[in-house]
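As a plain string of letters, each chain reads:
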Amino acid sequence: MGNPSVADDFKGEAPGNSRVMLLAFLGFSLGFAIWGMFSALAPFLIEWYDFSSTQVLILAAMEPLFAAAISIPLGIWTDKYGGRRVFAILLLTLVIPLAYGYFADSYLGFLAVGLLLGLGGASFVVGNAHVSNWYPRSKQGTALGIFALGNLGIIVGLMTVTFVVDNASGPDGWRLIFPIFATAALVMALLYWLFTTDSPYRVQKGLKMRDIIGVYRSGVVVWLVAYLYWVAFGTLVFFASFMPTYLATQWHVDPSHASMVYTPLMVVCVAITRPLGGWLADRYDTMSVLMPMFCVMALLTLLVAMQMSLKIELFAIYAHALISGAAAAGVIKLIPVYFRQVGTVSGLAKAAGAACGATMTAVMAISTSLGGYTGGFVVWALMNIAAFYIVFTRVGFKDAEPIDYSINYTEASQMQTEAR
């Protein structure tokens, strides 16, 4: 299941690395802050440019769409070249669309900027693999849960955009958000390059690209993990992109409050439970931990679909967010348990989560064009029910065996030769 032909050569037990943890967390937080920009801008663009709600929902879907597309190659490159190099290059690359965003002044221009800024959300893949390689398996769930608190970066993006818009001097004063984040990305890239290192405890020798991506052909578990993350992490991506516009158009919430109060609270709910989910996954059977989480999530999505009142709607969304954060951490814990190519599988999982956000935002845009949000919420409920079915029945996982990390690269290569 773990594709032993690409086993790692472990030099002892990885002791952890607080510096890598801190800088990966900060870089990931910045990436998510940049990712959160367009969902905050969406309600204002309706007013400034006379865009329709369907247009801005499509615009908000651009970032998770590109994050989904780039996450898989980012994961592969991280496994091959190391997290330090890939993360630094990613942050430098973000400066380009941020610089262009200062001059964008058309719907197509905003679409292009929104698409490329999705790279910020994809930073999770690189940081997840980098941190994972520095921590022992018994602590990876907790370590990755703490790292994933970087989801809170979306709040920085949402609140920075709204603050700059509300205090802008002149009609184009709001555009200062682009150079602000471009400068932050440049500084963070330099810090990451200068003050982090790749783990010497997991050195991959002789790996070719076909060996790394071979994990995608290793069996059904890799795809089931990706689907579970589609639902768990998709909650954050979906509602971060969709919630400001939804609250403003459906419940007539002030756009500033939607972006600076209600949506950030949803992000906090997702983020604060991720360390708890990782901690539980370190200490108990992960699938047993995930089963009640996905059960409650499925029930809450049905409540959201009813749209009975704003208070009930917010209760259901926030409760779902709290549980989905813990569930996302549990799903991420499954990756190093069953696969050695943490970056590559994380890339697939992240692509799935981001694709869920893009897909569901697009589904909601279609649903509104047909007369309301109910149909889109029903689709979301069915996705959550399917995830519960997977963890309840353990379909595909029953015959999967955890990785034996005592096997070194030479032994694993010999095993593959003998198997042939």
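K.L.:
Please clarify how helix α14 (residues 274-283) should be interpreted in this entry.
P.N.:
Note: α-helices contain 3.6 residues per turn, so residues at a spacing of three or four share the same orientation. By the criterion of burial, α14 is predominantly enclosed, with seven of the ten residues buried. Listed as buried for α14 are R274, P275, G277, G278, L280, A281 and D282. For α14, the secondary structure elements touched by its buried residues are α7 (123-132), α8 (137-147), α12 (221-250), α13 (255-272), α15 (286-306) and α16 (310-338).

K.L.:
Looking at this structure, I do not really get the environment of F233. What am I missing?
P.N.:
With respect to the element layout, F233 can be found in helix α12. Taking C-alpha positions, F233 is 9.0 Å from A349, a pair spaced 116 residues apart along the chain. Not counting chain neighbours up to four residues away, the residues in contact with F233 comprise F32, W35, N151, R274, A328, K350, G353 and A354.

K.L.:
I would appreciate a short explanation of the confidence of the model for the protein chain in the present structure.
P.N.:
One rule of thumb: low pLDDT means the predicted coordinates there are not for detailed reading. Overall, the predicted model of the protein chain reaches an average pLDDT of 85, with 90% of residues at or above 70. Of the regions scoring below 50 in pLDDT, residues 1-11 engages in 51 contacts with residues more than four places distant in sequence or in other chains. When the criterion is pLDDT under 50, residues 408-420 qualifies, and its contacts beyond four places in sequence or with other chains add up to 18 contacts.

K.L.:
Explain the side chain of E63 to me, please; I cannot follow it from the model alone.
P.N.:
Structurally, the position occupied by E63 is in helix α3 (residues 53-81). This buried residue, E63, is left without a salt bridge; K350 holds the nearest opposite charge, at 11 Å. In this structure, E63 is in contact with I34, W35, F38, S39, G114, L115, L117 and G118, ignoring residues within four places of it in sequence.

K.L.:
Just to check I follow, could you spell out the nonpolar core for this structure?
P.N.:
Soluble, globular proteins show a tendency: their nonpolar side chains are buried together. Grouped together as the largest cluster of nonpolar side chains are 141 residues, with contacts concentrated most on M37, M266, F294 and F397. Among the elements that take part in this core, α12 stands out by supplying 20 residues, more than any other. Ignoring any residue separated from it by four or fewer positions in sequence, one finds F294 in contact with L228, V231, A232, A327, V331, N384, A387, F388 and V391.

K.L.:
Whenever I open this one, the side chain of T273 confuses me. Can you help?
P.N.:
Note on placement: T273 falls in the loop between α13 and α14. In terms of polar contacts, T273 uses its side chain to reach the backbone carbonyl oxygen of L322, at 2.6 Å. Discounting residues that sit within four places of it in the chain, T273 has contacts with A321, L322, G325 and A326.

K.L.:
Would you take a moment to explain α3 for this structure?
P.N.:
Taking 1.5 Å of rise per residue, the 29 residues of α3 would be expected to cover 42 Å, and the 42 Å separating its terminal C-alpha atoms lies within 8% of that figure. Along α3, the largest kink reaches about 35° and is centred on I70; proline P73 follows within four residues of it. Positive phi shows up at G82, right after α3, with a value of about 100°.

K.L.:
Help me understand unusual backbone geometry, please; the structure alone is not making it clear to me.
P.N.:
With the exception of glycine, most residues fall at negative phi, and the peptide bonds are largely trans. Phi at D50 takes a positive value of approximately 60°, unusual for a residue other than glycine. Take D50: it is sitting in the loop between α2 (37-49) and α3. For D50, a relative accessible area of 67% translates into the label exposed. At Q307, a residue that is not glycine, the phi angle is positive and equals roughly 50°.

Thresholds, definitions, all that
Residues numbered from 1 in each chain as written. Predicted model: local features only at pLDDT ≥ 70, side-chain atom pairs only at ≥ 80, totals over all residues. Heavy atoms only, no water. Buried < 20%, exposed > 50% of the residue type's maximum accessible area, 1.4 Å probe, protein only. Helix = DSSP H or I, 4+ residues; strand = E, 2+ residues; numbered from the N terminus. Contact = heavy atoms within 4.5 Å. pLDDT = per-residue confidence, 0-100. Lys, Arg positive; Asp, Glu negative; His and termini not counted. Salt bridge = Lys/Arg side-chain N within 4 Å of Asp/Glu carboxyl O. Core = buried A, V, L, I, M, F, W, Y, C linked by side-chain atoms within 4.5 Å. Polar contact = N/O pair within 3.5 Å; in protein donor to acceptor, adjacent residues only side chain to side chain. Expected span 1.5 Å × (residues − 1). Bend = angle between axes of the 7 residues up to and from the residue.

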